[in-house]
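Architecture at a glance
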Amino acid sequence: MRCFEGNGQMIKMSLYSPLAAEFFPTGIYENDELMNYKGPLIFDGEDLVEYAPELFKTGLAGVDLGENFGNKRIIYAVPCLKIHKGELVCCTTVMLREALDEAEMQRFQNYLTDKFCAGELDLSEIETTDGVLFVHLWNSDEFAFEAAMERQIRPPKLDLGR
């Protein structure tokens, strides 16, 4: 069985995955509040929606995770932050030359999971109006990918001046 048949066209696919974050409220280091400090607040994607404008400014733009995976079917795989189903999530946009079979898709998702788990793309020290966020692309409590094919795209025709 193949994932997302392409019929000779390029395939654009999105892989959505949950986020986790630690939030350090403003003022925790002031003497009177330091005594009561119990650690950062733990946020999930639903909590992070209100901080989306600040997080979108920092973004993950320009990181291509597909180029080092070693599968010639993958043109690129670029993660970004996106609001999806009422939560802020990581959305890895994947452009494929042709469909991946189930085993290839699983290997690719495992590769992405390893990258996210290692913290290579985490967003750290994001200043907000009421504190500082450290956002992680890995959420061990509920980490899984939700895959969605967005559309099939015909490769552009080149005009060679003939």
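The notes below deal with the structure included here. Given the structure is predicted, the values throughout are model-derived calculations rather than measurements.

This next bit is on the overall build of the chain. Assigned secondary structure in the chain consists of four helices and 10 strands. Written out in order from the N terminus, the α and β elements of the chain read β-β-β-α-β-α-α-β-β-β-α-β-β-β. Carbon and sulfur atoms make up 50% of the accessible area of the chain, which amounts to about 9600 Å² in all.

A separate point is the pairing of strand β2 (residues 10-18). Among the nine residues in β2, nine count as buried, and that is most of the element. Alternating residues of β2 divide into Met10, Lys12, Ser14, Tyr16 and Pro18 and Ile11, Met13, Leu15 and Ser17, and every residue in both groups is buried.

Within this structure, the stated rule accounts for nine aromatic pairs. Where Phe116 meets Phe143, the ring centres are 6.4 Å apart and the plane angle is 80°; that geometry is what we call edge-to-face. On the criterion of sequence distance, the pair formed by Phe116 in helix α4 (residues 102-117) and Phe143 in the loop between β9 (131-136) and β10 (146-153) is long-range, its members being 27 residues apart. Taking the relative accessible area as the measure of exposure, Phe143 reaches 17% and is therefore buried. When the centroid spacing of 5.3 Å and the interplanar angle of 80° are considered together, the rings of Phe143 and Phe145 count as edge-to-face. Here Phe143 matches Phe145 in class, with each residue buried.

With antiparallel pairing, four strands are arranged side by side in an open sheet as β4-β3-β9-β8. Two strands bound the open sheet, and with one partner strand each, they are β4 (41-44) and β8 (123-128). Shown here is a sheet whose adjacent strand axes are inclined to one another by a mean of 30°, direction ignored.

With that settled, the discussion passes to the side chain of Gln109. Relative to the assigned elements, Gln109 resides in helix α4. Not counting residues within four places of it along the chain, the set of residues in contact with Gln109 comprises Leu15 and Phe145.

Attention shifts here to the environment of Pro18. Looking at where Pro18 falls in the secondary structure, it is placed in strand β2. Once the C-alpha coordinates of Pro18 and Asp44 are considered, the two residues, 26 residues apart in sequence, prove to be 7.6 Å apart. Residue contacts for Pro18: discarding those within four places in its chain leaves Leu137, Asn139, Glu142, Phe143 and Ala144.

Quick notes on the rules
Residues numbered from 1 in each chain as written. Predicted model: local features only at pLDDT ≥ 70, side-chain atom pairs only at ≥ 80, totals over all residues. Heavy atoms only, no water. Helix = DSSP H or I, 4+ residues; strand = E, 2+ residues; numbered from the N terminus. Areas by Shrake-Rupley, 256 points an atom, 1.4 Å probe, with all protein chains shown as cover. Buried < 20%, exposed > 50% of the residue type's maximum accessible area, 1.4 Å probe, protein only. Phe/Tyr/Trp six-rings, centres within 6.5 Å; stacked < 30°, edge-to-face > 60°. Pairing = 2+ DSSP bridges. Axes fitted to C-alpha atoms, helices over the stretch in contact; angles between N-to-C directions. Contact = heavy atoms within 4.5 Å.

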